[in-house]
Amino acid sequence: MKLRKLTYIFAALATLGLTTACSDFLDTPTDTRVELVNTEQLRMLMNSAYPTGNYAWPLELMSDNMEDNNAPDEDNLRYNLAAYNRGDDEMFRWEQCLSETSSDTPSGIWESFYESNAAANAVLEKLEQWEEENGSLDATQKAIRAEALVLRAYNHFILAQVFCQPYRGSQSENYLGIPYITKPETKVKPHYERGTLAQTYQKIEQDLTEGLAGLNNGIYEVPKYHFNSSAANAFAARFYLFTRQYEKALYHANQAFGGAEVDPSTYMSQIWSNLSNLYYISDMGLFQNGVDKASNFMLYATYSTIFRHLATGSRYGVIRDALYSTIYSSSPAWENFKWKNTNGKGGSFTMHPAFNGSCTRNGKSDYGNVLCANVQEQFEYTDKVAGIGYCHVTRREFFGEETLLVRAEAKLFLGDKQGALKDLDTWEKARRQSPSAVGYESEFKDFTIENIESYYGGDPGYGICKTINIDQICPESDATASLTDIMPMLQCIQHIRRIETLHTGMRWFDIKRFGLEFDRKIGKDGQDHLGIEDPRKAVQIPAEVVAAGMQANPALGRGSNEVIPSSAYVRVK
């Protein structure tokens, strides 16, 4: 009866006539997505399709690059500092992040990368429709399709690195993946299955391989804001390194540089030779992130407050062992360079001269150190009078130094120690151009297999060398070298990677794939241990996603691989 009454009402309205405004409203499609009608619209959509969330800060907090200022140091000294926010406390403790949902949190990462994926899928759907209608695509359309495929692969790759366990070869069939979305959403609250980790990686590789074959740098106004050929090959090199397919990792790393015969030294950052011209912290970040720099393969802008977390003197920072295993760390090449603070605080330490003049410290010496060239905020005012706006940080997602270290590791596992050594030497000598190193060239030592094996075959201290359990994590690979034989050089490469990727979040990826474990001090008396196959290495998917019906990651005991049995608790009345 009610339905019939509504029908009569609408019929009456039709008889009386509707106003133009009402008619326009009723004629508006319920699907409010932009209707893509030409190739230029697709190309422009890809300009803004890249993720705006930044995975760096939460993953840095979880890694051994961060320590707690409120925990007692070796002299039993501690601070009483507040965390930047409650979410920092949760991530540092490897807990589910329930207090914050900004772009610097697991929720922000999940939302941002799936939003980016939705844009890529919208482009791919339209291109598929045009291909069916016209029988083929033109050259520009094919190139746009290739970029969208690589972007879709990249989005799912990062989501898998954050929210899943590390790749385990054939054992990946036994672990949860993440939903691999290949079509635009057209339903309210659609349900997605996570599938297996093996299925996720298979789909990533399929999209990546297909996309790589069709890329064309000529369609971009600024290629380094897109998956150009160098960036896509750098991504492929990283993907195959993480899946232990070293032959393919080596091939794509070479392609990122333009070929195996190309000298990679021209793709190292030029910031070290320009430090004397950079007077402010912001100058360093802007210089490092320039699209004109050969070292940068791909950049994209994110919303992020990571610089404020790092530089405001809050509870967590790059201090103590985290500092002495990264910025203040020693290595055979620069072990002769000893330093001390001019303010008289702390003892002496070893540091590569390149970092003298490129770091900042907040407040007291233990509050935390920041490598300025690696992270820098640009503020966008929405209201200058009120002083409000958005914090932006540009991610150097693919760049020469990281790809060079991917190549060095691939060479090492394929038995080419000399090749790996040459790449390490290229990385280190690029930093000798720092103004702090001028005149002291004789103080450096070139990397050699002998001094690397001597230094990293022992225990340099500060957690620089942690036991690498990569064969336990992923026993299947095309490696030809024995892990025992290459271990010191592998330790050297992972140490250099840790320095190079500081503040980027990528150390967490290495912790997972290498099966690293470490202890953590929390507050006055607390401590915890992250195990080799610790379930907390897979960040819990956002609570709102779980509430919507998606399967959560297993929640197991703190610091253990076993569920805490009910017999472990006795009720107290």
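Let me sum up the structure you'll find in this document. Just so it is clear, the model here is predicted, and its values are computed rather than measured. (Residues numbered from 1 in each chain as written. Predicted model: local features only at pLDDT ≥ 70, side-chain atom pairs only at ≥ 80, totals over all residues. Heavy atoms only, no water.)

### Quick notes on unusual backbone geometry
Move 1: At Trp-94, a position not held by glycine, the phi torsion is positive, near 60 degrees.
Move 2: Relative to the assigned elements, Trp-94 resides in the loop between α5 (86-92) and α6 (106-134).
Move 3: For Trp-94, a relative accessible area of 6% translates into the label buried.
Move 4: The residue Arg-244 is not glycine, and still its phi comes out positive at about 60 degrees. (Helix = DSSP H or I, 4+ residues; strand = E, 2+ residues; numbered from the N terminus. Buried < 20%, exposed > 50% of the residue type's maximum accessible area, 1.4 Å probe, protein only.)

### Section: helix α15 (residues 417-431)
Move 1: The end-to-end C-alpha distance of α15, which contains 15 residues, comes to 22 Å, matching closely the 21 Å that a straight helix rising 1.5 Å per residue would cover.
Move 2: Of all 15 residues that make up α15, 12 are buried, and the element is covered over most of its length.
Move 3: Regarding α15, the residues found buried are Lys-417, Gly-419, Ala-420, Leu-421, Asp-423, Leu-424, Asp-425, Thr-426, Trp-427, Glu-428, Ala-430 and Arg-431.
Move 4: The elements touched by buried residues of α15 are α14 (400-413), α16 (449-456) and α18 (483-500). (Expected span 1.5 Å × (residues − 1). Contact = heavy atoms within 4.5 Å.)

### Focus: the sheet that holds strand β9 (residues 388-399)
Move 1: If you trace the 3 strands from one edge of the open sheet to the other, you get β2-β9-β8, paired in antiparallel fashion. The sheet is open, and its two edges are formed by β2 (296-303) and β8 (377-383), each paired on a single side. Between one strand and the next, the sheet's axes are offset by a mean angle of 25 degrees, whatever the strand orientation.
Move 2: The pairing of β2 with β9 spans 7 bridges and is classified as antiparallel. Residue Thr-302 lies in a different strand from β9, and its bridge partner there is Val-393.
Move 3: The strands touched by helix α9 (residues 229-242) are β2 and β9; relative to β9, the strand with the most contacts, the crossing angle is about 75 degrees. (Pairing = 2+ DSSP bridges. Axes fitted to C-alpha atoms, helices over the stretch in contact; angles between N-to-C directions.)

### Re the packing of aromatic side chains
Move 1: By the definition in use, this model includes 35 aromatic pairs.
Move 2: Between Trp-110 and Phe-163, the ring centres sit 5.1 Å apart and the planes meet at 80 degrees, which makes this aromatic pair edge-to-face. Separated by 53 residues along the polypeptide, Trp-110 in helix α6 and Phe-163 in helix α7 (residues 139-163) bring together distant segments of the chain. Like Phe-163, Trp-110 is buried.
Move 3: Here the aromatic rings of Phe-379 and Tyr-381 are separated by 4.7 Å at their centres, their planes lie at 75 degrees, and the arrangement is edge-to-face.
Move 4: A relative accessible area of 28% places Phe-379 in the partly exposed class.
Move 5: The class for Tyr-381 is partly exposed, based on a relative accessible area of 46%.
Move 6: Taking the ring centre of Tyr-55 as reference, the NZ or CZ of Arg-395 above it sits at 3.9 Å. (Phe/Tyr/Trp six-rings, centres within 6.5 Å; stacked < 30°, edge-to-face > 60°. Lys NZ or Arg CZ within 6 Å of the ring centre and 35° of its normal.)

### A look at the packing of α15 against α18
Move 1: As a packed pair, α15 and α18 sit with axes 11 Å apart at the nearest point and diverge in direction by 30 degrees. In terms of orientation, α15 and α18 fall into the roughly parallel class. For the crossing formed where α15 meets α18, the hand is left-handed. Each of Lys-417, Ala-420, Leu-421, Leu-424, Trp-427 and Arg-431 in α15 lies in contact with α18, whose residues at this interface are Asp-485, Ile-486, Met-489, Cys-492, Ile-493, Ile-496 and Glu-500.
Move 2: Split into classes, the residues belonging to the contact of α15 with α18 amount to 9 nonpolar, no polar and 4 charged. (Parallel < 35°, antiparallel > 145°, perpendicular 65-115°, else oblique. Left-handed = near helix turned anticlockwise from the far one by under 90°. Nonpolar A, V, L, I, M, F, W, Y, C, P; charged D, E, K, R; others polar.)

### Structural notes on the pairing of strand β10 (residues 518-522)
Move 1: Of the two faces of β10, only one is covered, namely that formed by Phe-518, Arg-520 and Ile-522; the face formed by Asp-519 and Lys-521 stays uncovered.
Move 2: Alignment of β10 against strand β11 (residues 526-530), held across 5 bridges, turns out to be antiparallel. Looking at β11, one finds that Asp-519 is bridged to His-529.
Move 3: Here β10 folds back onto β11, and the loop between the two strands holds 3 residues, one of which, Gly-523, carries a positive phi near 65 degrees.

### Regarding a nonpolar patch on the surface
Move 1: Taken together, the side chains of Val-222, Tyr-225 and Val-291 make up a nonpolar region of the molecular surface, amounting to roughly 220 Å² of accessible area.
Move 2: Tracing the sequence through the fold places Val-222 in the loop between α8 (197-212) and α9. (Patch = residues over 30% accessible without salt bridge, like charges linked within 9 Å, V, L, I, M, F, W, Y side chains within 5 Å. Areas by Shrake-Rupley, 256 points an atom, 1.4 Å probe, with all protein chains shown as cover. Salt bridge = Lys/Arg side-chain N within 4 Å of Asp/Glu carboxyl O.)

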